[in-house]
Amino acid sequence: MQKAKRTKAIYPGTFDPLTNGHLDLIARGAKIVDELVVAILRNSEKGTPLFTVPEREAMLCEATAGMGNVSVATFDGLLVDFAKQVGAKAVLRGIRAVSDYEYELQMAMMNRKLDPELETLFMMPGERYTYVSSRLIKGVFQLGGDVSSLVPLNVVERLKAKVPGSAR
Ligand code: PNS
């Protein structure tokens, strides 16, 4: 009997921090592939992160603990190289609005140029998360806003511990 083909995809990102929008996408992705590797970029060019890579990894591991086919990893260098290393055939990315599209298209096309065998899958998060981004979460929390319905509880706890003087 022929061995069933298993589909493995990577969901890469900075995850500084993880949001409910990311989690929503992880859950959707995990339903359509056999294995989903959530991959945190270690050498992000996005400036100084709020959370260290091990903190982000811990938050993701805690939040995805109940998802049997989801694992968490970190990588640096090219995404296509990491994909090859773990045997992933596809990259999963979320598109919240038209404004995401150009950046995502550029990345998908560059990744295709670098590795024509690696496909990019775009999925839309639930509409209640279309405005949620890690950048906005950090900004709103640091200014005293309530983000507790937009990030998992473990992230709220870590935000409180990380941001001095926040008693929310
Ligand atoms: O959450 P983000 O910050 O939008 O994720 C961006 C990420 C990590 C997917 C992207 O920066 C990336 O894949 N970086 C790795 C370097 C790489 O492969 N660059 C070439 C493709 S554009």
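It should be noted that the structure appears before, not after, this text.
Thresholds, definitions, all that
- Residues numbered from 1 in each chain as written.
- Predicted model: local features only at pLDDT ≥ 70, side-chain atom pairs only at ≥ 80, totals over all residues.
- Heavy atoms only, no water.
- Axes fitted to C-alpha atoms, helices over the stretch in contact; angles between N-to-C directions.
- Helix = DSSP H or I, 4+ residues; strand = E, 2+ residues; numbered from the N terminus.
- Parallel < 35°, antiparallel > 145°, perpendicular 65-115°, else oblique.
- Contact = heavy atoms within 4.5 Å.
- Nonpolar A, V, L, I, M, F, W, Y, C, P; charged D, E, K, R; others polar.
- Pairing = 2+ DSSP bridges.
- Near = heavy atom within 4 Å.
- Polar contact = N/O pair within 3.5 Å; in protein donor to acceptor, adjacent residues only side chain to side chain.
- Areas by Shrake-Rupley, 256 points an atom, 1.4 Å probe, with all protein chains shown as cover.

K.L.:
Could you clarify how one ought to interpret the packing of helix 2 (residues 53-63) against helix 6 (residues 153-162) in this entry?
P.N.:
Think of two packed helices as two axes; the pair is described by the angle between the axes and how far apart they sit. Look at helix 2 against helix 6: their axes get within 10 Å of each other, and the N-to-C directions meet at 155°. Here helix 2 is positioned roughly antiparallel relative to helix 6, judged by the angle of their axes. When helix 2 is examined against helix 6, the residues Glu55, Ala58, Met59, Glu62 and Ala63 are found in contact with a partner set consisting of Asn154, Val155, Arg158 and Lys162. In the contact of helix 2 with helix 6, the residues fall into four nonpolar, one polar and four charged.

K.L.:
For this particular structure, what's the right way to read the sheet that holds strand 3 (residues 70-75)?
P.N.:
Two strands in a sheet stick together by hydrogen bonds in their backbones, pointing the same way (parallel) or opposite ways (antiparallel). The strand order across the open sheet formed by five strands is 3-2-1-4-5, and the pairing between neighbours is parallel. Each having just a single partner strand, strand 3 and strand 5 (119-123) make up the two edges of the open sheet. The sheet shows a mean angle of 30° between the axes of neighbouring strands, direction not considered. As paired strands, strand 1 (residues 8-13) and strand 4 (residues 90-94) are joined by two bridges and run parallel to one another. Across the sheet, residue Ile10 finds its bridge partner in strand 4, namely Val91. Contacting strand 1, strand 2 (35-41), strand 3, strand 4 and strand 5, helix 1 (residues 20-32) crosses the sheet at an angle of about 120° to strand 5. Where helix 4 (residues 98-114) meets the sheet, it contacts strand 4 and strand 5, and its direction lies at approximately 170° from that of strand 4.

K.L.:
Please clarify how the site of the ligand should be interpreted in this entry.
P.N.:
Taken together, 13 residues form the shell around the ligand, and within it Thr14, Lys46, Leu79, Arg93 and Asn111 come nearest. Contact between the ligand and Thr14: an oxygen atom at 2.5 Å from a side-chain N or O atom of the residue. In the environment of the ligand, an oxygen atom lies 2.9 Å from a nitrogen or oxygen atom belonging to the side chain of Arg93. Computed on the free molecule, the ligand has an accessible area of 550 Å², of which 79% lies beneath the protein chains in the complex. Sorting elements by how many residues they give to the shell around the ligand places helix 4 first, with three residues. When the residues that make up the shell around the ligand are grouped by side-chain class, the tally is seven nonpolar, four polar and two charged.

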